[in-house]
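# Chains, contacts and geometry: an overview
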Amino acid sequence: MTRTAKLSFYFILFIIFGLIGMWMPLLGDDLHWGTYFGSNYFPQGIFTYYDGRYLGDLLVIAITKVKVLAFLAYGIFPTTIVYLIQKIREQISPAKNIGLVSSALATALILLTPASIFKQILGWHAGFANYLPSTIFPLFLLYLVLKNYDNKNVHYYRTSMFLIFLAAISAQFFAEHITLLNCFNIILVWIFLRKHFGEQFKKVLNLILIGNFIGAILMFINGAYLKILFGSDSYRSVSGGETKDTMLHYPRISYTPKHLIIVGIILMLFTILAILYSLKLKNTKHKLANFALLLSTYVVIAPFIVVSPFGSRCMFASYIFLVTIFTINLDIFFNNYEKILLPLFSLIALVLGVRMDYLAHDYGQTFDMQIEYSQYQNTISRDSQYFLKYRDDKYIWMTGPIETDNNFSELYVKNKDRNMVPINYYDWTDVKRKLKNKKFKSRDEYMKAFDKGILKKVKLIQAKN
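Report follows, based on the coordinates. (Residues numbered from 1 in each chain as written. Predicted model: local features only at pLDDT ≥ 70, side-chain atom pairs only at ≥ 80, totals over all residues. Heavy atoms only, no water.)

### Thoughts on the pattern of salt bridges
A complete count under the given rule lists 12 salt bridges for this structure. A salt bridge links Asp430 to Arg433, with the shortest nitrogen-to-oxygen separation between them at 2.4 Å. Residue Asp430 and its partner Arg433 are located together in helix α21 (residues 425–434), separated by 3 residues, close to a single helical turn. On the basis of relative accessible area, Asp430 is assigned to the buried category, the value being 14%. (Salt bridge = Lys/Arg side-chain N within 4 Å of Asp/Glu carboxyl O. Helix = DSSP H or I, 4+ residues; strand = E, 2+ residues; numbered from the N terminus. Buried < 20%, exposed > 50% of the residue type's maximum accessible area, 1.4 Å probe, protein only.)

### Focus: α21
Turning to α21, its buried residues number three or more, namely Tyr425, Trp428, Asp430 and Val431. Looking at the buried positions of α21, the neighbouring elements they touch are α19 (338–377), β3 (384–388), β4 (419–423) and α22 (443–464). For α21, the N-terminal cap is Asn424; the gap from its side-chain oxygen to the backbone nitrogen of Tyr426 is 2.8 Å. (Contact = heavy atoms within 4.5 Å. Polar contact = N/O pair within 3.5 Å; in protein donor to acceptor, adjacent residues only side chain to side chain.)

### A closer look at a positive patch on the surface
Together, Lys438, Lys452, Lys456 and Lys459 give the surface a local cluster of positive charge. Examined against the element boundaries, Lys456 turns out to sit in helix α22. (Patch = residues over 30% accessible without salt bridge, like charges linked within 9 Å, V, L, I, M, F, W, Y side chains within 5 Å. Areas by Shrake-Rupley, 256 points an atom, 1.4 Å probe, with all protein chains shown as cover. Lys, Arg positive; Asp, Glu negative; His and termini not counted. Charge placed at Lys NZ, Arg CZ, Asp CG, Glu CD.)

### Some points on the nonpolar core
Where a protein is soluble and globular, its nonpolar side chains tend to be buried together. Membership of the largest hydrophobic core comes to 117 residues, with the highest contact counts inside it found for Ile20, Leu139 and Ile208. The next biggest cluster of nonpolar side chains, apart from the first, holds 15 residues, and it includes Leu388, Tyr425, Phe450 and Val458. (Core = buried A, V, L, I, M, F, W, Y, C linked by side-chain atoms within 4.5 Å.)

### Quick look at the packing of aromatic side chains
Counted according to the given criterion, the structure contains 31 aromatic pairs. Ring geometry for Phe137 versus Phe140: centroids 6.0 Å apart, planes at 55°, classification tilted. Pair noted here: Phe137 and Phe140 are both in helix α10 (residues 136–148), with a separation of 3 residues, about one helical turn. Centre to centre, the rings of Phe333 and Phe334 are 5.0 Å apart; their planes meet at 80°, and the pair counts as edge-to-face. Here the aromatic cluster, defined as three or more aromatic residues joined through ring pairs, consists of Trp33, Phe37, Tyr41, Phe42, Phe47, Tyr50, Tyr54 and Phe173. We note Arg194 situated over the ring of Trp190; from NZ or CZ to the ring centre the distance is 4.0 Å. Positioned above the aromatic ring of Tyr50 is the side chain of Arg236, whose terminal nitrogen or guanidinium carbon lies 5.9 Å from the ring centre. (Phe/Tyr/Trp six-rings, centres within 6.5 Å; stacked < 30°, edge-to-face > 60°. Lys NZ or Arg CZ within 6 Å of the ring centre and 35° of its normal.)

Put into structure tokens, the structure is as follows:
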């Protein structure tokens, strides 16, 4: 019964996250990854000088081209993160009953990721492919360390050891700051904790160490990083100063001073409380997990003091590590109330998941209608090109209004000399609603009627103005 309940829980999570990926529109770089750039990226050798995110780039090409793969990737990777958070909690202290409180709470907090981060991770395929899967290996390493800490009897088969070695290499091909974090973490574990492991896990540890460094070397020998080092890359740099794109300056141009002060105070208080609380813990694994996660939170983001560009997506790993600290400590602290907390957190996660699926579906429908309407307008002669605005851009990564999006225009707008006119979301959806129950001989006839409705809306708006 317990196993069935757990499988059902994670299956629901998989569906919730998967639908987000399947329905989210392609924005910004996604449009190029999903078309000619992605098609030529590996065959023409662009990957040899673009960056060392070989697996991340392969993933973004796959999920921007095939919706089923987007569904699978969005379903698998976030669910894996949630699962590892639960496993870390159980290595510290076994749950009394079914043991899914950490999973449910972690799911809710991932769905409640601050919008500025969410839109560049779950709301942008290119951001998702590089920054979300990369977060898995640091959590996996922590789980292995806790599982084997002062446990000399754990046995690993050769197949398992080979897969862990392969994972250690593969984990380095997603995001540079995570690549560095993985190397940092394994060195600390190898130096300071090695004596607490049995001979079998020491071999595994050595394989992880070798794998992480092989992966890091293979990443950073990419031609892109030489250009960055010598300052000849037009997009990325190592400045050592307060440029507009580093972590030192980015928050000040992206958030209000009041927002920064509030977040800074909350983060500082959380860090201090976590340290003081952890120092009093008698459970060594618990203490080790808290300090490891807290250290990773700050180490992973440290390179962006000098490396640019820095964006909200770069904070995702730190956010996940803080979420992990919060969930496992709250779960353990209220261990006796699992029967109350599990249904409560599960319900919250489900409601948030359904809400986000609804928003993703709406964004996706707007994107599909936008393409179809633009292609229809390419077949007629007039002075204006009309663009359908999204409901909002709170959870999707839009670098500018749709009518000024060069990526979209390059692919779907034939006449670039037209007046680019945005149509309010509620205006064009009202036109669509009025056509809902009418029958049309063809899709082209439907688009003619839709276009006629848009022109009426435009005239009404102009008359009011």
